[in-house]
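What follows is the residue order along each chain.
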Amino acid sequence: MGKTNKKHFESLVEVMQKQTLLAHVSAVTDLLALDEFLHICSQSPFNRGVFVYAYILELYRKSITERIISNDLLYVVEPALYKFQIAKEDFPEETHIPDESDLKISDEEKELAPAAYYDRPWFGKLAEAYGLPEYVRKGYAIPVERIFDLYETRTITNTIKYQLNIIQDTFREIYGDHCYRTLIMKEEGERLIKPKPPLYVMLPTIIYDNTIKKYVDLLFHLFSHEKKYIEREIVSNSHTILLSFPLLVRELYMDRQKEFEKQFDYFLKKMEKHSDLIRAVSIWNTNADTLDPRFLIKFIYKLRSNGISHISFVTSDLTTIILFCIGIINSVSIRFNYGLSRDPSKVAAPYAIPATFYVPLLHDFFSISTADKLYNIIGWICECPICSGKAPSSLSYKEIIKHNVYSRLNELEQFYNCKDEVDGIPEILKDDFNTIKEKRREIKKSVSRASYDRINSRLEHIRKVAVFMQDVVRLLKKQV
Ligand SMILES: [Zn+2]
């Protein structure tokens, strides 16, 4: 182990001594949730942080930076490069398309589909910062077959630079050139503030194909070509930065598990070659309901035995939250609203996310009307101080977000508090399962077929997780 690497490794151990809970900010309304998150868990046993998408950061750069600095938060910036891949024709809603005569485009470029977000204020800023091809800056989406070009245009390294610098640059903008000497008056006295580097750097999730192999090839192409840059900028320059990359785990689905395992082995083999650079993996899973917990833990242990010391989850579904609470995952980005899909054809506008209500008994978000029906049948579905016995539909949008934050953090605290009891977590899950199961007939009569199917599959998932957790907790106990 070289000198730099040793130092890097030591600081990594330091970072890992405490786990990090990241509030997921992918929509403007999530800023409200972030404030509530900071308010509620100021005494949290975890490091607190924010996982913010670049387009939201561009819209609210100063206010997000101020929150990061004044609350001493860790942060991760998701470059959201996939947003530039979405063509207007795939976009679900009607929005303004720029007039082609203004763009002075070539015949070849006329073949390209207009980008879905061209009229959004962050589009040009990010396209410029990432050094995206000219045609993207003119408002056209990146065609799938040109994704390989991104590596030639150094777009990936530009997104890394963006993540490394954006918060520090904004901080300098707010406080001036003397920022590193700025003293902030706090109730407890003066303190020197200096923005930290990001918790880890993300390589963009490129939705190119459903196969992991192609994506992995793209990533390792980057490692081979930009190794010096990565070593200089990331590994040696800043001790707390963890290099991480998202892994599309669609193939984690039960029915395609064999294929996924093959691809995952391929990934591990490739990774060994760059083990001096890679210490962290952040995992995306696109469909929590179908995730097999047994396979998930095998996946995590494989990563660990391959020298990956930081494992982070971007989706905060039930299994992930529990694995985080029992200390198997280092960081998790917790959502306070129904998650955005990673599939570009399904991604909605970043501004308006319809209100969804977190139903603690089912450990998932449901529409307000379904939550209301459950409330009418069960009588109570939340014990948080925001709800205080009221029906979900009687809450304001702001109250719903507060409820979502409160109930998610409450759930996390419950799991965390009983992590040392063998049956603690499975008991919580079994109680929730039984409460809903007893009322299953009434629920079926009251909700739509689609909602009932979703409730049922959720219930099945909770049952599966309860059984699985019983095994995991026993296993962990034996090891201690
Ligand atoms: Zn509530």
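Residues numbered from 1 in each chain as written. Predicted model: local features only at pLDDT ≥ 70, side-chain atom pairs only at ≥ 80, totals over all residues.

Enquirer: Before we go on, may I ask you to explain the overall build of the chain in this structure?
Expert: When you go through the chain residue by residue, the secondary structure sums to 20 helices and 13 strands. Looking at the chain residue by residue over its 480 residues, the buried ones come to 41%. Pairs at least 24 residues apart make up 76% of the contacts formed inside the chain by residues separated by at least 6 positions. (Helix = DSSP H or I, 4+ residues; strand = E, 2+ residues; numbered from the N terminus. Buried ≥ 20, exposed ≤ 12 C-beta atoms within 10 Å, placed from the backbone. Contact = placed C-beta atoms within 7 Å.)

Enquirer: Could you clarify how one ought to interpret the nonpolar core in this entry?
Expert: Soluble globular proteins: nonpolar side chains tend toward being buried together. Ala23, Val25, Val50, Val52, Tyr75, Ala115 and Val359 are the most contacted members of the largest nonpolar core, which has 118 residues in total. When residues of this core are sorted by domain, at least three fall in each of domain 1 (3–84 + 148–346) and domain 2 (356–479). Apart from residues no more than four positions distant in its own chain, Val359 is found in contact with Asp364, Phe366, Ala371, Leu374 and Ile381. (Core = buried A, V, L, I, M, F, W, Y, C linked by C-beta atoms within 7 Å. Domains from an automatic or database assignment.)

Enquirer: Looking at this model, I keep getting lost on the packing of helix H4 (residues 61–70) against helix H10 (residues 155–175). Mind explaining?
Expert: Contact geometry for H4 and H10: axes closest at 9 Å, N-to-C directions at 95°. Considered as vectors, H4 and H10 are oriented roughly perpendicular to each other. Contact residues: Arg61, Lys62, Thr65, Glu66, Ile68 and Ile69 in H4; Ile167, Thr170, Phe171 and Ile174 in H10. (Axes fitted to C-alpha atoms, helices over the stretch in contact; angles between N-to-C directions. Parallel < 35°, antiparallel > 145°, perpendicular 65-115°, else oblique.)

Enquirer: Would you explain unusual backbone geometry in this entry?
Expert: Working note: non-glycine residues mostly have negative phi, and peptide bonds are mostly trans. Residue Asp72 is not a glycine yet carries a positive backbone phi of 55°. Mapped onto the elements, Asp72 comes out in the loop between H4 and strand E3 (74–78).

Enquirer: Just to check I follow, could you spell out the packing of helix H2 (residues 30–40) against helix H17 (residues 397–417) for this structure?
Expert: Describing two packed helices takes the angle between their axes plus the distance from one axis to the other. Where H2 meets H17, the closest approach of the two axes is 9 Å, and the angle between their N-to-C directions is 45°. Looking at the two axes, H2 sits oblique to H17. Considering the relative orientation of H2 and H17, their crossing is right-handed. Along the contact surface, H2 presents Leu32, Ala33, Glu36, Phe37 and Ile40, while H17 presents Lys398, Ile401, Lys402, Asn404, Val405, Tyr406 and Leu409. (Left-handed = near helix turned anticlockwise from the far one by under 90°.)

Enquirer: Please explain helix H14 (residues 293–305) as it appears in this structure.
Expert: For an α-helix, 3.6 residues make a turn, and residues three or four places apart therefore share a direction. For H14, with 13 residues, the first-to-last C-alpha span of 18 Å sits near the 18 Å given by 1.5 Å per residue. Pro293, Leu296, Phe299 and Leu303 are the residues of H14 that are buried. For H14, the arc enclosing every buried residue in end-on projection is 115°, short of the 170-degree limit, so these residues lie on one face. In H14, those exposed residues whose orientation departs by more than 90 degrees from the buried face are Tyr301 and Ser305. Count one or two residues on from H14 and you reach Gly307, which has phi positive near 85°. (Expected span 1.5 Å × (residues − 1). Arc of directions from axis to C-beta.)

Enquirer: How should the confidence of the model for the chain be read in this particular structure?
Expert: Low-pLDDT stretches of the model should not have their predicted coordinates read in fine detail. Residues with a pLDDT of 70 or more make up 76% of the chain, whose mean pLDDT is 78. Here helix H1 (residues 3–16) is the element of the chain with the lowest mean pLDDT, 39, and helix H19 (residues 440–446) is the one with the highest, 94. Contacts of residues 1–16 to residues separated by more than four positions or lying in other chains number 17 contacts, the stretch itself having pLDDT below 50. (pLDDT = per-residue confidence, 0-100.)

Enquirer: What should I look at first to understand the environment of Leu323 in this one?
Expert: Of note, Leu323 is situated in helix H15 (residues 318–325). Residues Leu323 and Phe313 lie ten residues apart in sequence; the distance between their C-alpha atoms is 10.0 Å. Leu323 has contacts with Ile328 and Ile329, leaving out every residue within four places of it along the chain.

Enquirer: When you look at the environment of Lys125 in this model, what are you seeing that I'm missing?
Expert: Position of Lys125 among the secondary structure elements: in helix H7 (residues 121–129). Here Lys125 falls in the partly exposed class, since 16 other C-beta atoms lie within 10 Å of it. Between the C-alpha atoms of Lys125 and Glu58, which are 67 residues apart in sequence, the distance is 7.7 Å.

Enquirer: What exactly am I supposed to notice about the pairing of strand E10 (residues 310–313) here?
Expert: Consecutive side chains along a regular strand alternate between the two faces of the sheet. By the alternation rule, side chains of E10 split into His310 and Ser312 and Ile311 and Phe313, which are all buried. Note: strand E9 (residues 280–284) against E10, four bridges, orientation parallel. If you follow Ser282 over to E10, its bridge partner there is Ser312. Of the strand pairs in this sheet, E10 and strand E11 (residues 331–334) are connected by two bridges, and their pairing is parallel. (Pairing = 2+ DSSP bridges.)

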